[in-house]
Amino acid sequence: MISRSTEFYHSAIKNAYPDATCIRCPDVPGMIAPIFFADVLKKTIVCRFSLPEIVFKNKIASDLLCDYGVPVPQTKVHAYVGTWFESYEYCKDKTLYEHIKLGLPDDKIFKAYVGAFEIQNKISKISANEFCPEKFREHVDMLCATTKIRGRLSKIYNDILFNASVRSPLRLLHNDIHSKNILYSPETDRIHLIDLDAVSLCNENFTMMTTVQRYPLKNARQLMSVYQDITGRKLDVNKILFACNAMQLLHNLRHPFGIRQK
């Protein structure tokens, strides 16, 4: 995807939403795609720029999941001078990441993950045959498109990711459940999942591995036990934990003086 100036992105948003005002970046910025908020009449709209194939894949995922009552963004597709973006109405609930920074207690953090797993279970029950985008149907394709390989250790790291994600059976899943992709209301325990890039076919053990890697508490085994109770499906818990430790070791070798960000 070609990087554009802030003024260009603002023009693209104004082209789709002529009444847009106060166009701004969110407090929690996107890791890969440029994201902006815009006030449009009495609503706030999220605009997320990406490759056209990803925007269309996300639209298919959004329509399918919303049809099944899954709480995810309902997206629209827009184009402007060779650049594509999706938009959807902003949800006022904070991310779990923001709540954690404000001191959310551990029991509420755990409860938010349990709520996210209940949504994941709902997604996993949708037949894979109903999800048929032209590109990025399997999560490994998204990994290949968005992961940059640099150096020998990085290639080993990414080969592990790619090989693990394509093991059978593949299910329709949200493959990036972590605190920045969980919208949470501690008062009502309401949960929404965001980042439709992560919705695709993947191996369930791999998906859990990516969750455990960024899980902020120390009771990963308990977390996975609850997931198994919710779904009625067994995870290979020991292999998941072994893989997480191996990935952490490789990460530390790649960044010997860095601190891993949750």
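So, here is what we can say about the structure in this document. (Residues numbered from 1 in each chain as written. Predicted model: local features only at pLDDT ≥ 70, side-chain atom pairs only at ≥ 80, totals over all residues. Heavy atoms only, no water.)

Comments concerning the pattern of salt bridges
Alright, step 1. This structure, assessed with the given rule, holds 11 salt bridges.
Alright, step 2. Between Glu 89 and Lys 43 there is a salt bridge, with its nearest N and O atoms 3.7 Å apart. With Glu 89 in strand E5 (residues 83–89) and Lys 43 in strand E3 (residues 43–50), this residue pair connects regions lying 46 residues apart in the sequence.
Alright, step 3. Its relative accessible area of 49% is what places Glu 89 among the partly exposed residues.
Alright, step 4. Judged by relative accessible area, which is 48%, Lys 43 ranks as partly exposed.
Alright, step 5. Here Arg 190 makes a salt bridge to Asp 93, at a shortest N to O gap of 2.9 Å. With Arg 190 in strand E8 (residues 190–193) and Asp 93 in the loop between E5 and helix H3 (96–101), this residue pair connects regions lying 97 residues apart in the sequence.
Alright, step 6. If you follow the salt bridges from partner to partner, you end up with Arg 48, Asp 195 and Asp 197 in one network. (Salt bridge = Lys/Arg side-chain N within 4 Å of Asp/Glu carboxyl O. Helix = DSSP H or I, 4+ residues; strand = E, 2+ residues; numbered from the N terminus. Buried < 20%, exposed > 50% of the residue type's maximum accessible area, 1.4 Å probe, protein only.)

Topic: the pairing of strand E9 (residues 199–203)
Alright, step 1. The element E9 is largely enclosed, with a buried count of five among its five residues.
Alright, step 2. Here strand E6 (residues 170–174) runs beside E9; their pairing, made up of five bridges, is antiparallel. Of the residues in E9, the one forming a bridge with His 174 is Val 199. (Pairing = 2+ DSSP bridges.)

What to know about the packing of aromatic side chains
Alright, step 1. Evaluation of the coordinates by the stated rule reveals 10 aromatic pairs.
Alright, step 2. Arranged with centres 5.4 Å apart and planes meeting at 40°, the rings of Tyr 9 and Phe 36 form a pair that is tilted. With Tyr 9 in helix H1 (residues 6–16) and Phe 36 in strand E2 (residues 35–40), the pair connects residues that are 27 residues apart, well separated along the chain.
Alright, step 3. A relative accessible area of 5% means that Phe 36 is categorised as buried.
Alright, step 4. Seen in terms of ring centroids, Phe 36 and Phe 49 are 6.1 Å apart; in terms of plane orientation they differ by 90°. Their pairing is edge-to-face. (Phe/Tyr/Trp six-rings, centres within 6.5 Å; stacked < 30°, edge-to-face > 60°.)

Digging into the nonpolar core
Alright, step 1. Counting 48 residues, the largest nonpolar core has Leu 65, Leu 172 and Ile 182 as the members making the most contacts within it.
Alright, step 2. Take this core: its biggest share by element is nine residues, from helix H4 (residues 106–124).
Alright, step 3. Of all hydrophobic cores here, the second largest spans 14 residues; its members include Ala 38, Ile 45, Cys 47 and Phe 49. (Core = buried A, V, L, I, M, F, W, Y, C linked by side-chain atoms within 4.5 Å.)

Details of unusual backbone geometry
Alright, step 1. Unlike most non-glycine residues, Leu 41 shows phi in positive territory, near 55°.
Alright, step 2. Looking at where Leu 41 falls in the secondary structure, it is placed in the loop between E2 and E3.
Alright, step 3. A residue is classified by how much of its surface remains accessible, and Leu 41, at 70% relative accessible area, is exposed.
Alright, step 4. Residue Asp 195 is not a glycine yet carries a positive backbone phi of 75°.
Alright, step 5. Asp 195 gets classed as buried once you look at its relative accessible area, which sits at 17%.

Digging into the pairing of E3
Alright, step 1. E3 sits mainly inside the fold: seven of its eight residues count as buried.
Alright, step 2. Both E2 and E3 contribute to a ladder of six bridges, which runs antiparallel. Bridge pairing in E3 links Phe 37 to Val 46.
Alright, step 3. Counting the residues that bridge the hairpin from E2 to E3 gives two residues, and of these Leu 41 lies at a positive phi of roughly 55°.
Alright, step 4. The pairing of E3 with E5 spans six bridges and is classified as antiparallel.

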